[in-house]
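Breakdown of the fold
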Amino acid sequence: MQTTDIPTQSTTVVIGAGAVGCSVAYHLTELGAEDVTVVDQGPLPVTGGSSVHAPGIVFQTSPSKVQTKAAHYTTRFLSDIGTYDEVGGIELARSEERMDFLQRRIEWATSYGLPDPELFSPEEVGERLPLVNEDEVLGGYYSPTDGRVDGIETLQWYIQNTPATFVGNTEVTDLHVSDGEIEAVVTDMGRIDCERCVIATNNWGYQTGQLAGIDLPIAPVEHQYVVTEPMEELANAEAAVGENTAGLDVPGNRDIQEYMSEGPTHPVGRDQDHSLYFRTHGDALGMGSYNHETLSVDPEEMGSNTEDRQASVRGFTKKHWERPTHPNRDKSAKQAFDELLPASTDQEYAVTENGIFVFTPDGMPAVGETAQVDGLWTALAIWWTHSAGYGRIIAEWMENGVPRLPSGPVDSSAIHVRRFEPHVGEKDFFVDRGAKRYEQVYSIVEPRWQPDDHRGLRTSPFYGQQRDLGAEFVQSGGWESAQWYETNADLVNRYEDRIPEQDGWQAINRSPIEGAEHLHTREHVSIFDMTTFSSIMVSGERSGEYLQQMCSNDMDLEVGQVRYSLLLNEGGGILADVTVVCLDDDEYMVTTGGGNSPRIHGSWLKEHAPETVSVNIEEGAKSTIGLWGPKSRLLLQRCTDADVTDNGFPYFSAKRMYVGEVPVIALRVSYVGELGWELWAPIEYGRRLWETLWEAGQDLNVRPMGGGALESMRLEKGFRLWGTDIDTDVNPFEAGLPFAIDMDTDFVGREALERAKEDGIDSRITPLTLDDSTDIALSGRPVLKDGEPIGYVQAGDYGYSIGESIAYTYLPNEYAEAGTSVKIRCEGELYDATARDEPLFDPGREKILR
């Protein structure tokens, strides 16, 4: 319902009536939410944001499963309501490198369930896109369900068919927060008391977050689009005009809105080699360009959209259209289009614009409930392509506690607004990183690519020693983490017969030193920097009972006991895997991985804690070393008076002790499947901890070990990695973690697991090994049986100890039995593979328990 009367109270207020805000409101009400209000500073339905200036092109295929799934749901939903033109999409290749990339598109589409992807020859491209000069292309990737959204018609449909209150021309001036909870949305038309609020303002996301004191890293960037005058070559095309936009009183730039309402008559196209895309508008041609230097906009200077409907700050900048300014492109947009679409060369432009899109530092959406303010949700950095999908995901999350689509739960680690590190909210940082993501929109980004700006922000106390040892650093969670060490290059010669050479895409940003470090650790002893991991200290009256409510395993622990457990959401999806240490009565340490884990997992624990329990998230407060390998006990015993024998310090136990002068909490646990310990020390003691172990272990050939070795070693043992093998889209039974569940206890997610057991577990995680190849199977590549996809690679690496290439996947039960033959398609090659029992390495745990 659209009205000019603003309510004084509403259970849920959605700020922003664009593609995402309208979708969230619709899906909330569809799930039963009542009393939902949507407000927007612009007129309805043409609010003036990116939802109405975007050409609405939809290309669904992505290396990200959640992005692909959200896009596909969007196309199905909008097709059902009649506002989507399913004309297909063709991504062109004008280089051999791009043809290889298009093969990856085929593989991702196959893995994530998009129907009937194909690779086209130049002639097949020309048949579908007659304006394209076939001599300029090597081929194309065709997705038949790609197409175009009629943006204004869709917004009108949402407003007319959603039992929520929609109020336009209403500017939000403040967000009232009381005791860490959202209390009201204040507008220039009055105050709305509320229990929940969703920020869906996209271009203005940073500014809206500031009203609640939150630094949301949403970077606006300008991007170019033109529409030609009618063309003779398209004169016979029948334009698909949206019924609901015909006759609308569209304020502002009437010409562009009229063109945007005209549907495409051919498949939508992309020339990613030159950062371009195009579509027809009836008998006119629309052309869009990322082929220019990044035109960032200060997020504090977006202004209102009441005067300029397209929200462009600069207006159309002709030089960026006609001159090469993109750092990775040697042709301008105009020149590249003239070559690809010769009929456009001398055309006059009826419309020219610089529109605005927004980017986060990692290029993914920012959705979910904020950690800083309870009840305040975000739905940002989302395009039309994914809008209906994320509307459904967020609505399910808000109403039922589980981010999901009708096809099932989705993985939240890469999209959660809580994933951002503490420094990411600094404006220069996220604007710079957003600019880089804009530059990369159509670039071929190499595996394990690393940014070169804003480096060295977070470093462990070992950073100096690591640099001296030739560490190759990667940035993870803002931390500088060593991937391998050049001083270990001598080990490559020692193990060269066990380290197969990797070629092509699989070899990029890898080193054989990773394999050498892996094998050395299995035979000797290594030091691994775990400072990126975080400790969460839980203490206070009945804190054990509280942890029992939050953890899936039995938390009835004696002092010194260590237990692996999971944190689950209400749907039984895995929010985190954690290690819980009982330090004393009512005192516990919960350890979790690095990256975004502390902000997602720690805040989950904190917000559920009763008043009697203190939850202190110690991100960066401790420096931690993993000491692993068969000689680790000998080395550790040299440095401490504590008993570290097997009887005196058994597996999965903990002690407070000294390593040299350094006080540590020592955990006898190992993420690599070898004898070893995690040593957690206050951050100021870190340097001395490293020096003590390093000096004491020289005659034992102690070496530093990087993240590359860690990954291959943990896959050999089948140890899970949250955000890669496990996430909110799987339950513990599917993930092969029943030992981390005690159904005799009561915990969040238990009822969902009971239902899952009753319904039956249809699939489970399964290790595969390649039968006759040492190549590495890359994540996201399809697993096939009799030519049909039955799963996809979650994680893959070479197992240097077992001498086989490993790929982990989830398979239907009938294919998950050891010995089942399957195939993996990767980089255009078809590999024979076999399902295996896990763990692949040391199944009797003799090495870890020695």
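Please refer to the structure higher up on the page.
In this report, we go over the structure that sits alongside the text. Remember, predicted model here, so these are calculated numbers, not experimental data. (Residues numbered from 1 in each chain as written. Predicted model: local features only at pLDDT ≥ 70, side-chain atom pairs only at ≥ 80, totals over all residues. Heavy atoms only, no water.)

As for helix H4 (residues 96-112)
The terminal C-alpha atoms of H4, which comprises 17 residues, lie 25 Å apart, in line with the 24 Å expected from a rise of 1.5 Å per residue. In terms of burial, H4 is largely enclosed, as 13 of its 17 residues are buried. Of the residues one or two after H4, Gly113 is the one with positive phi, at around 90°. (Helix = DSSP H or I, 4+ residues; strand = E, 2+ residues; numbered from the N terminus. Expected span 1.5 Å × (residues − 1). Buried < 20%, exposed > 50% of the residue type's maximum accessible area, 1.4 Å probe, protein only.)

So, the packing of helix H15 (residues 512-523) against helix H20 (residues 707-717)
Two elements in contact, H15 and H20, have axes whose closest approach is 8 Å; the angle formed by their N-to-C orientations is 60°. In terms of axis orientation, H15 runs oblique to H20. Every pair of crossing elements has a handedness; the one defined by H15 and H20 is right-handed. Residues Glu514, Glu517, His518, Thr521 and Arg522 of H15 form the contact with H20, whose participating residues are Gly708, Ala709, Ser712, Met713 and Glu716. Among the residues forming the contact of H15 with H20, the class breakdown is 2 nonpolar, 4 polar and 4 charged. (Axes fitted to C-alpha atoms, helices over the stretch in contact; angles between N-to-C directions. Parallel < 35°, antiparallel > 145°, perpendicular 65-115°, else oblique. Left-handed = near helix turned anticlockwise from the far one by under 90°. Contact = heavy atoms within 4.5 Å. Nonpolar A, V, L, I, M, F, W, Y, C, P; charged D, E, K, R; others polar.)

Topic: the sheet that holds strand E41 (residues 804-812)
Reading around the circumference, E38-E41-E40-E39-E42-E43 is the order of the 6 strands in this closed barrel, with antiparallel pairing throughout. Across the sheet, the mean angle separating the axes of adjacent strands is 40° when strand polarity is ignored. As paired strands, strand E39 (residues 782-785) and strand E40 (residues 788-799) are joined by 4 bridges and run antiparallel to one another. Bridge pairing in E40 links Val783 to Gly791. The sheet strands contacting H4 are E39, E40 and strand E42 (821-826), and the helix crosses E39 at an angle near 65°. (Pairing = 2+ DSSP bridges.)

A short note on the layout of surface pockets
Each pocket or cavity is described by its volume, and for the second largest pocket that value is around 570 Å³. As for the second largest pocket, its lining consists of 22 residues, of which Thr370, Ala371, Gln372, Arg418 and Arg599 are closest to the centre. Per-element tally for the lining of the second largest pocket: the top contributor is helix H17 (residues 597-608), with 4 residues. Classifying every residue of the lining of the second largest pocket gives 9 nonpolar, 4 polar and 9 charged. (1 Å grid on protein atoms, 1.4 Å probe; cavity = no way out; pocket = protein on both sides within 12 Å on 5 of 7 lines; lining within 4 Å. Points joined across faces, edges and corners; volume = space filled by probe spheres on them.)

Remarks on helix H1 (residues 19-30)
With 12 residues, H1 extends 16 Å between its outermost C-alpha atoms, agreeing within 8% with the 16 Å of an ideal straight helix rising 1.5 Å per residue. Among the 12 residues that make up H1, 11 are buried, leaving the element largely enclosed by the rest of the structure. In the stretch just after H1, Gly32 is the one whose phi turns positive, near 110°.

Read these as spatial facts, not as claims about activity.
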